[in-house]
Amino acid sequence: MADGLPENRPVVREDIDALRLPVAPRGYRMAEVDDVLERLAAELAERDARIAQLTAPADAPGRVDLTKGGER
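Read on for a plain summary of the structure. None of the values given here were measured: they were computed from a predicted structure. (Residues numbered from 1 in each chain as written. Predicted model: local features only at pLDDT ≥ 70, side-chain atom pairs only at ≥ 80, totals over all residues. Heavy atoms only, no water.)

**Here we look at the overall build of the protein**
1) Next: Looking only at helices and strands, one finds 2 helices and 4 strands in the protein.
2) Next: Mapped in sequence order, the helices and strands of the protein form the string α-β-β-α-β-β.
3) Next: Sequence-distant contacts, at least 24 apart, represent 29% of the contacts inside the protein between residues at least 6 apart.
4) Next: With an accessible surface of roughly 5800 Å², the protein has 57% of that area assigned to carbon and sulfur atoms. (Helix = DSSP H or I, 4+ residues; strand = E, 2+ residues; numbered from the N terminus. Contact = heavy atoms within 4.5 Å. Areas by Shrake-Rupley, 256 points an atom, 1.4 Å probe, with all protein chains shown as cover.)

What follows is the structure, encoded as structure tokens:
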């Protein structure tokens, strides 16, 4: 966990709550904060896209049919 976030699973609320970023003499290291925020934003966007795919109407392109164990 170089950035304080788990590497082997999706980030959950508790990970963000427990996140403590290192403080430099004049405050936070902006590059490290930017890296963590970029990763968090990417993971959330990926999760949101997956949720949208799974909750799309049955006839939507790319919709996953969970009853058949695969994509339509």
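**What about the side chain of R39?**
1) Next: Tracing the backbone shows R39 in helix α2 (residues 30–55).
2) Next: Filtering out sequence-adjacent residues up to four positions away, R39 remains in contact with D3, L5, P6 and E7.

**Quick look at the side chain of E43**
1) Next: Structurally, the position occupied by E43 is in helix α2.
2) Next: Accessibility expressed as a relative area gives 18% for E43, which makes it buried. (Buried < 20%, exposed > 50% of the residue type's maximum accessible area, 1.4 Å probe, protein only.)

**Describing α2**
1) Next: With 26 residues, α2 should cover 38 Å at 1.5 Å per step; its first-to-last C-alpha distance of 37 Å lies within 8% of that length.
2) Next: Listing the buried residues of α2 in full gives V33, V36, R39, L40 and E43.
3) Next: Contact partners of the buried residues in α2: α1 (13–18) and β2 (27–28). (Expected span 1.5 Å × (residues − 1).)

**A closer look at the pattern of salt bridges**
1) Next: By the definition in use, this model includes 3 salt bridges.
2) Next: A salt bridge links E7 to R39; the nearest nitrogen and oxygen atoms lie 3.7 Å apart. With E7 in the segment before α1 and R39 in helix α2, this residue pair connects regions lying 32 residues apart in the sequence.
3) Next: Linking R9 and D15 is a salt bridge whose minimum nitrogen-to-oxygen distance equals 2.8 Å.
4) Next: Residues joined in a network through salt bridges with shared partners are E7, R39 and E43. (Salt bridge = Lys/Arg side-chain N within 4 Å of Asp/Glu carboxyl O.)

**Remarks on a negative patch on the surface**
1) Next: On the surface, E32, D34, D35 and E38 cluster together into a patch of negative charge.
2) Next: As for its position among the elements, E32 is in helix α2.
3) Next: Under the relative-accessibility criterion, E32 is labelled partly exposed at 34%. (Patch = residues over 30% accessible without salt bridge, like charges linked within 9 Å, V, L, I, M, F, W, Y side chains within 5 Å. Lys, Arg positive; Asp, Glu negative; His and termini not counted. Charge placed at Lys NZ, Arg CZ, Asp CG, Glu CD.)

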